[in-house]
Amino acid sequence: MEPGRPLPGRGSFLSSSVHAAAALLLLLVLLVTLLGLPISISPRAAPTLIDQRPQEQACNPASPLDCADPRLFHLMMRSVIEAFPAFHFSRFGRPVPGDPPSASCDMAWRARSDSDSPSKATTKDYRRFAIARDPRTCAYSVLSIGEYHSGPNARKPRRAAKNATIAPPPPPALSRSQFARGSYLAYVGGGDRCKPMPHYLRSLLCALAEARYLNRTLVLDLTLCLAAAYAAAGTGGMPEEGKRLAFYIDVDHLHSQVPIIEEDQFWADWDRWGVQGQLPARLVEDTRHPPIKFSKVRDTLIVRKFGDVEPGSYWYNVCEGEAKGVLRPMRQVIRWAPSLMNIVDDIVSRMQPDFDSVHIDANGEDLRRKVEEGLDAGRQVYVAGEGVSSALVEALKAKLTVNHLDEFEDLWGTDSKWFLEMRRLNGGVPVEFDGYMREVVDREVFLRGKKKAEVLR
């Protein structure tokens, strides 16, 4: 220190200390502000602790379900496994919201039957689950699982194949004058839905016979519900709605024999021109009324309304009793779909021109002997029917050259003409070669045999 420089006084020191303390305090305030810590100005006030964690909200059963919740996913999977113990499940799809979204989720899966059936095809299904939530804990519970294919929101979109075209467009709508000049017969309701195909065809032939007798256009649903017996191989033994009639029957030939109009198109036209009394209609609710009573009716529309009590609600009852003498089923109007008959032709072309055939509708230990009794050794034989099994085929090969339907599955495989044509007809969606298609093709090949034998129960 220089001897001539005066010493700093107390006031100067305090002033500089105050400035330093103020600067330090300002720095602390800035630091606390940046860190978001609570500041208590009053030394007497106790520090306030603020809980920054989000508060749990009460469960609102009216809000949309979180179907992606893993807890709900696992609960739905367990419910399916417990509900269908006869199946082995290989894959579950992620649940998606159902309808209503506040109380349901849709989920898809793949499974294989654990039965002793010779055909253990993979089942693809998607169903709707009714879900409940506890209003206090939000715990999930599965109230019910819907019927086959009841959960369409979980259905995986199918990509259209290469070079596949869309389904043929519907026929153009009629003008009012064209529609009004026509006369129509409609069957509404009844217990024929999802019945075996012989039952369905019997009722269809009766409706066609009455339409022809009355000289009216038949209002016809061009889709059908395939009975569970035919859909079992690919759908878990459940009936299948929405199958096009053209998959099985030559609809063009049917139309050439009896005028028909597609049901949805007709009712759309009727809603525009008939419901307000512009066109007359007659309702018939008793199947015992024979068609002769309506032969001179001039109403634009006759509606036969069927009830729900079986068997009185079957369409074919119209052709019984007094009507039996005038309504004769016209079996010639039913021809199998050209797509199925092309498969029959291809199978026959792969065998000898004079092959024999046997139709087996039986089972038992002596089945081989019964089959061989009606056939000549060394011949090529096509075996058909429900009684055909791989064990029987192998046993028959000791004396015969044997063919059966499953040897020709390439004719309806994913690269076949049939598959591509059905997908085109179905708007780009693939079609399964179902049990009834197999039955038709199998029977028709049997009928082409030179020598035919049947083994019955």
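Everything discussed here concerns the structure shown above.
On a predicted model such as this, the values are computed, not experimentally measured, just so you know. All residue numbers refer to positions counted from 1 along the written sequence of the respective chain. For this predicted model, a pLDDT threshold of at least 70 governs which residues receive local features, and a threshold of 80 or more governs which side-chain atom pairs are given and counted, while totals over whole chains, interfaces and linings are taken from all residues. Excluded from the side-chain calculation are hydrogens and water; included are all heavy atoms of the structure.

S.K.: Go over the overall build of the protein chain with me, naming the residues and quoting the values.
M.R.: In terms of helices and strands, the protein chain carries twelve helices and 16 strands. Burial here depends on accessible area, computed with a 1.4 Å probe over protein chains only, as a share of the maximum for the residue type. Under 20% is buried, over 50% is exposed, and the range in between is partly exposed. Split into buried and exposed, the 457 residues of the protein chain put 38% on the buried side. Contacts were defined at the residue level, with two residues in contact if any of their heavy atoms lie within 4.5 Å. Counting only contacts in the protein chain whose residues sit at least 6 apart along the sequence, the fraction spanning at least 24 positions is 66%. Of the roughly 27,500 Å² of accessible surface on the protein chain, 55% is carried by carbon and sulfur atoms. The helix and strand labels rest on DSSP assignments: H or I over at least four residues marks a helix, E over at least two residues marks a strand, and numbering proceeds from the N terminus. Computed by Shrake-Rupley with a 1.4 Å probe, the accessible areas treat only the displayed protein chains as cover when residues are assessed.

S.K.: Mind laying out the packing of aromatic side chains, listing which residues take part and the relevant values?
M.R.: Here a Phe, Tyr or Trp ring, Trp counted by its six-membered ring, pairs with any other such ring whose centre lies within 6.5 Å, and the pair is stacked when the planes are under 30 degrees apart, edge-to-face when over 60, and tilted otherwise. One pass over the structure, following the stated rule, counts 20 aromatic pairs. Here the aromatic rings of Phe-179 and Tyr-184 are separated by 5.1 Å at their centres, their planes lie at 25 degrees, and the arrangement is stacked. Each of the two residues, Phe-179 as well as Tyr-184, counts as buried. Taken together, a centroid distance of 6.2 Å and an interplanar angle of 35 degrees make the contact between Phe-306 and Trp-315 tilted. Pair check on accessibility: Phe-306 and Trp-315 agree, each one buried. Among the aromatic residues, those joined into a ring-pair cluster are Phe-179, Tyr-184, Phe-266, Trp-267, Trp-270 and Trp-273. Positioned above the aromatic ring of Tyr-316, the side-chain terminus of Arg-202 is 3.7 Å from the ring centre. Throughout this description, the term charge over a ring refers to an Arg CZ or Lys NZ atom that lies within 6 Å of the ring centre and within 35 degrees of the ring normal. Directly above the ring of Trp-273 sits Arg-272, whose terminal nitrogen or CZ lies 4.4 Å from the centroid.

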